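# Understanding the architecture of this molecule
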Amino acid sequence: MENKNSSRPIALRQFEAADGFWKEKMELVRTEVIPYQWEILNDRVEGASPSFCMRNFKIAGKLMREKKEKGSAFEEPVYTFRGFEALPEDMNHLEDRFYGFVFQDSDFSKWIEAVAYTLVNHPDPELERTADEAIDIVCNAQMENGYLDTYYIINGMDQSFSNLKDHHELYCLGHLIEGAVAYYEATGKDRLLRAAMKFADYIDSCFGPQEGKRKGYPGHEIAEMALIRLYEVTGEKRYLNLACFFIDERGKQPYYWDCESTETQKDGERYEYYQAHRPVREQDEAVGHAVRAVYLYSGMADASRIMDDESLKKACRQLWQSIVREKMYITGAIGGTHIGESFSFPFDLPNDTAYAETCASIGLVFFARRMLEMEPDAVYADVMERALYNSVLSGMALDGKSFFYVNPLEVLPEACQKDERKFHVKPVRQKWFGCACCPPNLSRMISSVPSYAYTENEDSLFMHLHLSGAITKQIQGITASFSVQSGMPWDGKVIITYTARESAVMKLAVRIPGWCGQWKASGLETFHCTLENGYYYIEGSWENGSQIVFDFDMQTRFYQADDRVRENAGRLAVMRGPVVYCAEQADNGPDLHLFHIDAAEPVQEETITIEGQSYPSLIVSAQKKIKSDNEVQLYTVYQKPEYEHAQLKMIPYFAWANRGENEMAVWFFGWDQ
Ligand code: FUB
Ligand code: ZN
């Protein structure tokens, strides 16, 4: 069914990271973030919002045991959904009930997924033992019929499926599948996979086109792409069918949610928030909750690839365009408004009230890779790279110990404290969150980056990101292997060497980054080369020692926004290669808004060390408005302002807020006088 141009991500075991930017990040996740998050999941970090995640599983497991022993039904609890179960004042005497957000289970699933990715190339018996124990706790909470969502197991199954729109059962299923598949692929252990399949089978017995089954679909998408992943690992077509059912049922009239229960309101026109306002093939604008949206589009892209479904592909391309042409920040962040954590209208991209949730950028990376799997076109990889190096990485402190949920492009700390419209913007990263969707999402993303960097099909290996390491590919019964040395994102030289004894006839498709004005490649004499949709296809017989060297120009460039982005009229942003830069008070003093940067002057570079890590900082020539000395009047008759020459020191955006609370800005007025 699949089109021959499509490709699949490499398995993580095909890649061994070499020293470099991403290896450092992956190591940070492995050595710092994953152990820290395990403590968090068990509520053992002082000063951090409690998670209750593992506790909820334990309580649900106890109920399961009691049920088995007594053969009795649960006692009916009072149904108290408020989205978040408030904490008791006395944390030492918690009742045996569910605490936290209704989707708290998913924190475990994301954690185990990240654990799995790290175990592939770093066997760690102790971590694996901890993971197995956690899996036991989770599996013990599963009901006989396969159902596994602690919120309902603890609060009462009579309410299960009563509010698909908001209550996240299918979201928890999706994350459970993702974690279970990853753990199975990493370790070969199938306990969690079997639990996830059992849950999926139960859902399959309740939902579907057949008579008597519910015609509902997830309020928070992810089950779609997860079920497809489950199909791909098990070969069980029913999971693909269920995913396609969820995708196709969305937006059909009468709306399922109008009919599902008395608790939910009949609110058809607000279903944009859930991307359920229209059937997906008729959706042409990215709307609503940004994470939900990109998770849905990812599932759609998966389904369209597998089914080679042209109408679904068309919808994916249209939605992609809607995001990247009209609704994406220069950092690759999405979600312009905190109201509903949503996309705003086209070109409404405020810098200081941005929502720009870390999870949404991660979801955009999911979507981008799936578009690449569907059809190799560097425009997708350009966005994937933009998001990864900027709005995804900014979600985590350089030491891996604190996190941003919201990733603004301009911050004045006082405004975050005093202006209610900006309360969602934090000037420093937090240890954890009551709603902790972002940190564990970051762990699973970063620890699986190689599977975003490389995809493959029968005769080609695609290099979307230029990640240093050794990569293998099976082709015509041969193990082809390449070593890649790359200084990205700081240095544009990429050296690719074929390192297998046996030669292989194949295509290597290397992405030419969209940000790169000029590039050259050498070592191509014996190959047939073509440039297509931003990929340089190098085809021929690869012999041991064959070496291709790419040189991508990393020159710093100034960018402007489309004129319809009113917020940035007359402003410039600075990028060096794929990395967006920002300026902080720590280097430039306060009042960043008074700087006007001069794009006509050359940019100097000097190394800056933050948190023990060194980066190129940029010294940009600027003019700084001299502040008026009138301190009594808010408004005065216009006088030509005076400026003084200044230098604006800029650092990589992802590294901001690692030196305490301070002003930050990405966009600056240009100096064109
Ligand atoms: O609803 C689950 C997650 O919590 C969403 O993906 C995030 O936006 C946050 O609302
Ligand atoms: Zn999040």
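Residues numbered from 1 in each chain as written. Chains lettered and ligands numbered in written order. Predicted model: local features only at pLDDT ≥ 70, side-chain atom pairs only at ≥ 80, totals over all residues. Heavy atoms only, no water.

It is worth spelling out the overall build of the protein at this point. Secondary structure assignment for the protein yields 18 helices and 24 strands. Its C-alpha atoms give the protein a radius of gyration of 25 Å, within 12% of the compact-globule value 26 Å for 673 residues. Seen through its principal axes, the protein has C-alpha atoms that stretch 80 × 75 × 50 Å. When the 673 residues of the protein are sorted by exposure, 61% land in the buried category. Total accessible area on the protein is roughly 26,900 Å²; 46% of this is exposed by carbon and sulfur atoms. Averaged over its 70 positive side-chain charges, the protein has a centre that lies 2 Å from the centre of its 101 negative ones. (Helix = DSSP H or I, 4+ residues; strand = E, 2+ residues; numbered from the N terminus. Rg over C-alpha atoms; globule rule 2.2 N^0.38 Å. Buried < 20%, exposed > 50% of the residue type's maximum accessible area, 1.4 Å probe, protein only. Areas by Shrake-Rupley, 256 points an atom, 1.4 Å probe, with all protein chains shown as cover. Lys, Arg positive; Asp, Glu negative; His and termini not counted. Charge placed at Lys NZ, Arg CZ, Asp CG, Glu CD.)

As a further point, take the confidence of the model for the protein. Interpretation of the predicted coordinates at a detailed level should be avoided for regions scoring low in pLDDT. Per-residue confidence for the protein gives a mean pLDDT of 94; residues scoring 70 or more make up 95%. In this model, residues 72-84 is a region of pLDDT below 50 whose contacts with residues beyond four sequence positions or in other chains number 26 contacts. (pLDDT = per-residue confidence, 0-100. Contact = heavy atoms within 4.5 Å.)

Glancing now at the packing of helix α9 (residues 237-249) against helix α11 (residues 290-307). Across the interface, α9 lies against α11 with an axial gap of 10 Å and an inter-helix angle of 125 degrees. As far as their axial angle goes, α11 and α9 are oblique. For the pair α9 and α11, the crossing hand works out as left-handed. Note on element contacts: α11 touches α9 through G299, M300, A303, I306 and M307, opposite L240, C244 and I247. A breakdown of the residues in the contact of α9 with α11 according to their chemical character gives seven nonpolar, one polar and no charged. (Axes fitted to C-alpha atoms, helices over the stretch in contact; angles between N-to-C directions. Parallel < 35°, antiparallel > 145°, perpendicular 65-115°, else oblique. Left-handed = near helix turned anticlockwise from the far one by under 90°. Nonpolar A, V, L, I, M, F, W, Y, C, P; charged D, E, K, R; others polar.)

Our focus in this paragraph is the sheet that holds strand β10 (residues 493-498). Spatially, β2-β8-β9-β10-β15-β12 is the arrangement adopted by the six strands of the open sheet, whose pairing is antiparallel. Both outer strands of the open sheet, β2 (15-17) and β12 (519-522), are each paired with one neighbouring strand and no more. Across this sheet, the average inter-strand angle for adjacent strands is 15 degrees, counted without regard to direction. Pairing geometry for strand β8 (residues 469-475) and strand β9 (residues 478-486), over seven bridges, is antiparallel. (Pairing = 2+ DSSP bridges.)

Helix α16 (residues 438-446) sits mainly inside the fold: nine of its nine residues count as buried. For α16, the complete set of buried residues consists of C438, P439, P440, N441, L442, S443, R444, M445 and I446.

It is worth spelling out the pattern of salt bridges at this point. Across all of its chains, the model carries 48 salt bridges by this definition. Here R571 ties to E410 by a salt bridge, and the two come within 3.5 Å at their closest N and O atoms. Within this pair, whereas R571 is found in strand β17 (residues 571-576), its partner E410 is found in strand β5 (residues 410-411), the two being separated by 161 residues in sequence. Given a relative accessible area of 16%, R571 falls into the buried group. Taking relative accessible area as the criterion, E410 reaches 26% and is therefore assigned partly exposed. Residues D419 and R421 are paired through a salt bridge, measuring 2.7 Å at the closest nitrogen-oxygen approach. (Salt bridge = Lys/Arg side-chain N within 4 Å of Asp/Glu carboxyl O.)

Attention shifts here to the environment of K426. The topology assignment puts K426 in the loop between α15 (413-418) and α16. On the accessibility criterion, K426 (34% relative accessible area) is partly exposed. Considering only alpha carbons, one finds K426 and Q14, 412 residues apart in sequence, at a separation of 39 Å. Not counting the four nearest positions on each side in its chain, K426 is found in contact with F404 and W656. In this structure the side chain of K426 is engaged in a polar contact, spanning 2.9 Å, whose partner is the backbone oxygen of F423. (Polar contact = N/O pair within 3.5 Å; in protein donor to acceptor, adjacent residues only side chain to side chain.)

Let us look at empty space enclosed by the protein. Enumeration over the complete set of coordinates arrives at three cavities of 30 Å³ or more. In this structure, the largest cavity spans a volume of roughly 70 Å³. Lining the largest cavity we find A18, G20, F21, W22, K23, Y389, H466, L467, S468, S486 and M488. Residue contributions to the lining of the largest cavity peak at three residues, all from helix α1 (residues 21-41). (1 Å grid on protein atoms, 1.4 Å probe; cavity = no way out; pocket = protein on both sides within 12 Å on 5 of 7 lines; lining within 4 Å. Points joined across faces, edges and corners; volume = space filled by probe spheres on them.)

Surveying the vicinity of ligand 1 reveals the residues F103, H168, Y171, H220, H289, V291, E341, E357, Y405, C435 and C437. Within the contact set of ligand 1, an oxygen atom lies 2.7 Å away from a side-chain nitrogen or oxygen of H168. Here E357 contributes a side-chain N or O atom positioned 2.7 Å from an oxygen atom of ligand 1. Protein burial of ligand 1: of its 280 Å² of free accessible surface, 93% is covered by the chains. (Near = heavy atom within 4 Å.)

Strand order in the open sheet formed by six strands is β1-β6-β7-β11-β14-β13, with mixed pairing between adjacent strands. The open sheet has two edge strands with one neighbour each: β1 (8-9) and β13 (528-532). For strand β6 (residues 454-456) and strand β7 (residues 460-463), the ladder comprises three bridges, and the chain directions are antiparallel. Following the sheet pairing, Y454 is matched in β7 by M463.

On to unusual backbone geometry, then. P254 follows Q253 through a cis peptide bond whose omega is -5 degrees. Looking at where P254 falls in the secondary structure, it is placed in the loop between α9 and α10 (256-260). Following M488, the chain continues into P489 via a peptide bond in cis, with omega recorded as 5 degrees. Within the element layout of this structure, P489 appears in the loop between β9 and β10. We note that E341 has phi near 50 degrees; this positive angle belongs to a residue other than glycine.

Across three bridges, strand β18 (residues 579-584) lies against strand β22 (residues 643-652) in antiparallel orientation. Across the sheet, residue C582 finds its bridge partner in β22, namely I651. The sheet contact formed by strand β21 (residues 613-625) and β22 spans eight bridges and is antiparallel. Bridge pairing links K624 to E644 in β22.

Our focus in this paragraph is the coordination of the zinc ion (ligand 2). In the first shell of the zinc ion (ligand 2), the protein supplies E357 (OE), C359 (SG), C437 (SG) and C438 (SG), at 2.0 to 2.3 Å from the metal. Taken together, the four donor atoms coordinating the zinc ion (ligand 2) span angles of 94 to 116 degrees at the metal, a pattern that classifies the geometry as tetrahedral. For the zinc ion (ligand 2), the single-chain donor residues occur in sequence as E-x1-C-x77-C-C. With C359 in helix α13 (residues 358-374) and C438 in helix α16, this residue pair connects regions lying 79 residues apart in the sequence. Overall, the relative accessible area of 2% leaves C359 in the buried class. Residue C438 is classed as buried on the basis of its relative accessible area of 0%. (Donors = N, O, S within 2.8 Å, 3.2 Å for Na, K, Ca; no water. Tetrahedral: all angles 85-135°; square planar, octahedral: opposite > 155°, others 65-115°.)

Moving on, we come to helix α12 (residues 310-326). Because each turn of an α-helix spans 3.6 residues, side chains separated by three or four positions in sequence point in the same direction. Compared with the 24 Å implied by 1.5 Å per residue over 17 residues, the 24 Å span of α12 between its first and last C-alpha is a close match. Buried residues in α12 make contact with α9, α11, α13 and α14 (378-392). (Expected span 1.5 Å × (residues − 1).)

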